[in-house]
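Residues per chain are reported as follows:
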Amino acid sequence: MKLFTAALFAFAATNNASAFAPSRGNLSTRTALSMTSNANSEDRRSFVTKSAATTAGVALSTLATSTALPLAASAAAKKEWVQIKVPFEDTVYDISFDSETHGYIVGARGSFAETNDGGLTWEPRSFSNLDAEEEITYRFEAVSFKDGEGWVLGKPTLLLHTKDSGKSWERIPLSPKLPGEPTGILALGPNQAEMITSSGAVYTTDNAGRNWKAQVKETIDATLNRVSSSGVSGASYFTGSINNEQRDSQGAYLAVSSRGNFFLTWEPGQDFWIPHNRGTPRRIQNMGFVRGDIKNGVWMTLNGGKLLTSAPGADLNSEEFPFAEANIKTGGYGITDVAWRDENEVWAVGGSNTMFVSKDNGKNFSFDKSANDIPGNLYNVKFFPEFGNAGWALGSSGLLLKYVGEKA
């Protein structure tokens, strides 16, 4: 960083290309869900969390290749984020707002919470139509809202939709014949959304999920095995999936191969994904867009805490992207996500809750100690320019940080 009826894909098993053919069958039955906010849902989650034999946080074994603290960690380091209490202790995966005051966070083990005061306080929410055992088996990984209409994506595969800012929800059925697992969902407007899968299939709907239209002609592995990719290391005879799919503001996508040995790009109007060399012997950990637009360049994090950025206007048809390494001293801790707050201010987060800030458009970074004394890992950092440029960092063990700037 695509047609199916009633969100039900009926893909032919003869080949990968025909797997994208739309089904013309009858509409599948939807399930209406209502939201509840009561002590029982909170107590149930608390009981499960306390009685679990393993931690709910996702362990990232590659996040730390050194036990040393980041070299920039010092008494002079600033704190520009404050921790916000959430009503669960599970990993927080995503956050979305449909106004400056109203939003949702989602996480592991059915964790779901709502705010009506801009994120200062959060209240637990649960679905009354899902029993206790069923709800906690889901891992809600993505949430997206626009103008009161929202979508939630979970694993095992679950897609939920609301038209009234979350007061009521309906469950959109998705077939197991879908190429790959759904990994991302974006609300685009009234009844409109875009979804991507781990096989690189991109779909759009304009009728609240009753029908979906394919935007890419075939899956990534089908493309790479049909077209010679000998110039891209690891791309020929590719049979894996993609990770860390990212979408920019204009609809272009980035994705990293599951082994981290190359990456791919796709723009609206293109029939297929295009593979690119990573240009380094280190494995790719994550990628994204500079200031949310592929035309501004892309960033890449590598195992061992390396961060690289490309120049604006890169040729998306080229096998090579010119990258420059940023000056960031992580002490070996891996960087999991990067986000631009404006043209100059950039934030990077990673293992052991490390945070770094650049004030020169990502060339040089200094350490921020906002989460230095909190155990766990940070996985996601997001800013919402449409809502006062509010910033949030999400991590394991119910960690949610709010950006407050240098006044912290």
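Structure report, in brief. (Residues numbered from 1 in each chain as written. Predicted model: local features only at pLDDT ≥ 70, side-chain atom pairs only at ≥ 80, totals over all residues. Heavy atoms only, no water.)

So, the sheet that holds strand β21 (residues 284-289)
Strand pairing in a sheet relies on backbone hydrogen bonds. The paired strands run either parallel or antiparallel.
Okay, so step 1: Strands sit in the order β21-β22-β23-β24 across an open sheet of 4 strands; the sheet is antiparallel. Each edge of the open sheet carries a strand with a single partner, namely β21 and β24 (323-325). Adjacent strand axes in the sheet meet at a mean angle of 25°, parallel and antiparallel pairs treated alike. (Pairing = 2+ DSSP bridges. Helix = DSSP H or I, 4+ residues; strand = E, 2+ residues; numbered from the N terminus. Axes fitted to C-alpha atoms, helices over the stretch in contact; angles between N-to-C directions.)

Quick look at the packing of aromatic side chains
Okay, so step 1: This model, assessed by the stated rule, comprises 23 aromatic pairs.
Okay, so step 2: Residues W81 and Y403 carry aromatic rings whose centres are separated by 5.3 Å and whose planes lie at 75° to one another, so their mutual orientation is edge-to-face. On the criterion of sequence distance, the pair formed by W81 in strand β3 (residues 81-83) and Y403 in strand β31 (residues 400-403) is long-range, its members being 322 residues apart. The exposure classification of W81 matches that of Y403, with both residues buried.
Okay, so step 3: Their ring planes at 25° and their centres at 5.8 Å tell us that F97 and W392 sit as a pair that is stacked. You can see F97 sitting in strand β4 (residues 92-97) and its partner W392 sitting in strand β30 (residues 390-395), a full 295 residues away along the chain. Each member of the pair, F97 as well as W392, is classed as buried.
Okay, so step 4: A network of ring pairs unites the aromatic residues Y104, F112, Y138, F140, F145 and W169 as a single cluster. (Phe/Tyr/Trp six-rings, centres within 6.5 Å; stacked < 30°, edge-to-face > 60°. Buried < 20%, exposed > 50% of the residue type's maximum accessible area, 1.4 Å probe, protein only.)

What about the sheet that holds strand β25 (residues 335-340)?
Okay, so step 1: With antiparallel pairing, 4 strands are arranged side by side in an open sheet as β25-β26-β27-β28. A single partner strand is all that each edge strand has here, and the edge strands are β25 and β28 (366-368). For this sheet the average axis-to-axis angle between neighbouring strands, irrespective of direction, equals 25°.
Okay, so step 2: Here 5 bridges tie β25 to strand β26 (residues 346-350), and the two strands are oriented antiparallel to one another. Paired with D337 across the strands is V349, a residue of β26.

Examining unusual backbone geometry
Okay, so step 1: Put simply, K155 and P156 share a cis peptide bond, and its omega is -10°.
Okay, so step 2: With respect to the helices and strands, P156 occurs in the loop between β10 (149-155) and β11 (158-162).
Okay, so step 3: Even without being a glycine, R291 presents a positive backbone phi close to 55°.
Okay, so step 4: Secondary-structure assignment places R291 in the loop between β21 and β22 (298-302).
Okay, so step 5: Of note in the backbone geometry, S352 takes a positive phi value of approximately 60° without being a glycine.

Re the pairing of β11
Okay, so step 1: The buried fraction of β11 amounts to 5 of the 5 residues, a majority that puts the element mostly inside the structure.
Okay, so step 2: Burial along β11 is two-sided: the face carrying L158, L160 and T162 and the face carrying L159 and H161 are both buried.
Okay, so step 3: Between the antiparallel neighbours β10 and β11 lie 2 residues.

A closer look at the pattern of salt bridges
Okay, so step 1: Across all of its chains, the model carries 14 salt bridges by this definition.
Okay, so step 2: Residue E80 is joined to K359 by a salt bridge in which the shortest nitrogen-to-oxygen separation is 3.8 Å. Here the residue E80 occupies a position in the loop between α1 (39-51) and β3, and K359 occupies one in the loop between β27 (355-358) and β28, the gap between them amounting to 279 residues.
Okay, so step 3: Residue K359 is classed as partly exposed on the basis of its relative accessible area, which comes to 41%.
Okay, so step 4: Across the pair R341 and D342 runs a salt bridge, and its minimum N-O distance is 4.0 Å.
Okay, so step 5: Put simply, K78, E80, K359 and E406 are held in one network by salt bridges that share partners. (Salt bridge = Lys/Arg side-chain N within 4 Å of Asp/Glu carboxyl O.)

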